[in-house]
Amino acid sequence: MAKKTAPKTETKTATPKKPRVEKATSSEVGNLCIHALALYTNATIKERKNDYVLLDIPYTLIVGKKMAGFRVEFKLCPASINYDVKDKTIAEIGERMFGFAFDLLRKEPNVLGIDDKPLSTLKNFTVVTTYGDKFIWNNGTYKTVKANAPKKAKK
């Protein structure tokens, strides 16, 4: 009789999968930031391509006592957004992106405001989203104010 032997079992060592490429991770973060901005400003995503997202952002511009409603198309590349989203809420990311977006738009000479004056020439103005959040530009600095934020008492 032939001697029975146990079948040979081959042991293969699994090669660890390479971590995702950083570009994909930064693109995912960029997409999260873009969607947070869209939610925060009540924007509409007009066009989405592999390398950019085009947002249509409605806002009210206040300059002195004048007020007018506007819309702006804002093009963002998800892979170029470098923002640490760790431990941040969507609202916090949206608020940060809101300030970032309107600070960029403020510098553009072709973004016109009230009386067809470019925003880049204005020293003081306020941008208000449809939800009531504000971007306040005042003599070289900006701040964002959440809707229904309590007003500070004057001293």
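Residues numbered from 1 in each chain as written. Predicted model: local features only at pLDDT ≥ 70, side-chain atom pairs only at ≥ 80, totals over all residues. Heavy atoms only, no water.

Colleague: Please set out the nonpolar core residue by residue, giving values where relevant.
Modeller: If you look at the biggest cluster of nonpolar residues, it comprises 33 residues, and the most contacted ones within it are C33, L37, L55, I57, F102, F125 and V127. Those elements giving two or more residues to this core turn out to be α1 (22-41), β2 (53-63), β3 (66-76), α2 (90-107), β4 (124-128) and β5 (134-138). Here this core gets seven residues from one element, more than from any other, and that element is α1. Each residue touching F125, except ones within four places of it in the same chain, is listed here: L61, I62, V63, R106, L119, F135, I136 and W137. (Core = buried A, V, L, I, M, F, W, Y, C linked by side-chain atoms within 4.5 Å. Buried < 20%, exposed > 50% of the residue type's maximum accessible area, 1.4 Å probe, protein only. Helix = DSSP H or I, 4+ residues; strand = E, 2+ residues; numbered from the N terminus. Contact = heavy atoms within 4.5 Å.)

Colleague: Which residues make up α2, and what values go with them?
Modeller: An α-helical turn contains 3.6 residues, so a residue and the one three or four places further along point in the same direction. Taking 1.5 Å as the rise per residue, α2 with 18 residues should run 26 Å; its terminal C-alpha atoms sit 26 Å apart, in good agreement. By the burial criterion, the buried members of α2 are I93, G94, E95, M97, F98, G99, A101, F102, D103, L105 and R106. (Expected span 1.5 Å × (residues − 1).)

Colleague: Quick rundown of the pattern of salt bridges? Include the residues and the values.
Modeller: Within this structure, the stated rule accounts for seven salt bridges. A salt bridge links K107 to D103, with the nearest nitrogen and oxygen atoms 3.7 Å apart. Of this pair, K107 and D103 both sit in helix α2, separated by four residues, roughly a single helical turn. Of the residues examined, D103 reaches a relative accessible area of 16% and is grouped as buried. (Salt bridge = Lys/Arg side-chain N within 4 Å of Asp/Glu carboxyl O.)

Colleague: Pulling in residues and values, what's your account of the packing of aromatic side chains?
Modeller: Counted according to the given criterion, the structure contains eight aromatic pairs. Here Y59 and F70 contribute two aromatic rings whose centre-to-centre distance is 5.8 Å and whose plane-to-plane angle is 25 degrees, an arrangement assigned as stacked. Placement of Y59 in strand β2 and of F70 in strand β3 is noted, with a sequence separation of 11 residues between them. A relative accessible area of 24% places F70 in the partly exposed class. Taken together, the ring pairs connect Y40, Y59, F70, F98, F102, F125, F135 and Y142 into an aromatic cluster. Lying over the aromatic face of Y52, K75 brings its terminal NZ or CZ to 4.1 Å of the ring centre. The positively charged end of R106 is found above the aromatic ring belonging to W137, 3.6 Å away from the centroid. (Phe/Tyr/Trp six-rings, centres within 6.5 Å; stacked < 30°, edge-to-face > 60°. Lys NZ or Arg CZ within 6 Å of the ring centre and 35° of its normal.)

The values are spatial; any link to function lies outside them.
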